[in-house]
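Summary of the model geometry
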Amino acid sequence: MIRKATLDDINKIMEITKACGKHMIANGIFQWNDSYPNKTAFETDVQRSELYVLDIEDCVRGCIVISTFMDDVYKPVKWLTTNQNNIYIHRLAVHPKYQGQGHAKQLMDYAEEFAKTNTFISIRLDTFSQNKRNQKFYELRGYQVLENIYFPKQSEHPFYCYELML
């Protein structure tokens, strides 16, 4: 079941994202670090009612942020659609011990259905240029790669922006 996250879920979500960060590092992907994602970001996501969790048998296995807020780093990007009525996906994570079971697909299916139901014109996101698995995941879902952006506190490598027109 996918549901809105509460502040009570934050510690579990932090466990998941820390485990994901370690798993990625072990695979040579230096995408997440000690400063991102962080507890404050998830608390803000909960306050905005934009953080969702995949909860199976009272076990939070993953999370996703479905936001209408456009971060400043996205403003210069030449998107496929106008900068209105879009949603942004952030911090999609599935605990490594549950990866490969279709949970990320389930979370993205939910986000895409949410966007369609609420008549958004597109879904936007970014993924790390060194994370080939994520790139393939989004491209197979029909997302188009656009421009690079940089998060200096995360990596010297770029992140690729993607958009799916609905």
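Quick summary incoming for the structure in this document. (Residues numbered from 1 in each chain as written. Predicted model: local features only at pLDDT ≥ 70, side-chain atom pairs only at ≥ 80, totals over all residues. Heavy atoms only, no water.)

**Some points on the pairing of strand S5 (residues 122-128)**
Here is the rule we go by: Partly exposed residues are those whose accessible area sits between 20% and 50% of the maximum for their type, while under 20% is buried and over 50% is exposed, using a 1.4 Å probe and protein chains only. The numbering of helices and of strands both runs from the N terminus, where a helix is a DSSP run of H or I of at least 4 residues and a strand a run of E of at least 2. If DSSP finds at least two bridges between two strands, the strands pair. For a crossover, the right-handed case is the one in which the path from the first strand over the helix to the second runs clockwise, viewed with the strands pointing away from the viewer.
Burial runs high along S5: seven of the seven residues are buried. Residues Ser122, Arg124, Asp126 and Phe128 point to one face of S5 and Ile123, Leu125 and Thr127 to the other, with burial holding for every one of them. Two strands pair when backbone bridges link them, and strand S4 (residues 86-94) and S5 are joined in this way by four bridges, in the parallel orientation. Across the sheet, Ile87 pairs through a bridge with Ile123, a residue of S5. Following the backbone out of S4, through helix H3 (residues 103-117) and into the adjacent parallel S5, one traces a crossover that is right-handed.

**Regarding the layout of surface pockets**
As a reminder, the rule being used: Any residue with an atom within 4 Å of a point lines the site, the site being either a cavity, points on a 1 Å grid over the protein atoms alone where a 1.4 Å probe fits but cannot get out, or a pocket, an open set with protein on both sides within 12 Å along at least 5 of 7 lines. Grid points are joined across faces, edges and corners, and a volume is the space filled by probe spheres set on the points. In the scheme used here, Gly and all other residues not listed as nonpolar or charged are polar, with Ala, Val, Leu, Ile, Met, Phe, Trp, Tyr, Cys and Pro taken as nonpolar and Asp, Glu, Lys and Arg as charged.
Quantified by volume, the largest pocket comes out at close to 1,100 Å³. Lining the largest pocket are 46 residues, with Gln31, Trp32, Arg91, Leu92 and Asn134 positioned closest to its centre. Where the lining of the largest pocket is concerned, the elements lending two or more residues are helix H1 (10-26), helix H2 (39-47), strand S3 (59-67), S4, H3, S5 and helix H4 (132-140). In terms of residue count, the dominant contributor to the lining of the largest pocket is S4 (six residues). Partitioning the lining of the largest pocket into residue classes produces 21 nonpolar, 16 polar and nine charged.

**Looking at the nonpolar core**
Buried together is how nonpolar side chains tend to be arranged in soluble globular proteins. Where we set the bar: Residues belong to a common nonpolar core when they are buried Ala, Val, Leu, Ile, Met, Phe, Trp, Tyr or Cys residues joined through side-chain atoms within 4.5 Å. Contacts are assigned to residue pairs that have any heavy atoms within 4.5 Å of one another.
Ranked by internal contacts, the top residues of the largest apolar core, which has 26 residues, are Ile13, Phe42, Leu51, Cys63 and Tyr74. Once residues lying within four places of it in the same chain are set aside, the contact partners of Leu51 are Arg3, Lys4, Ala5, Ile10, Ile13, Phe42, Asp45, Val46, Cys63, Ile64 and Val65. Formed by 22 residues, the second largest nonpolar core is a distinct cluster that contains Val94, Ala111, Tyr138 and Tyr162.

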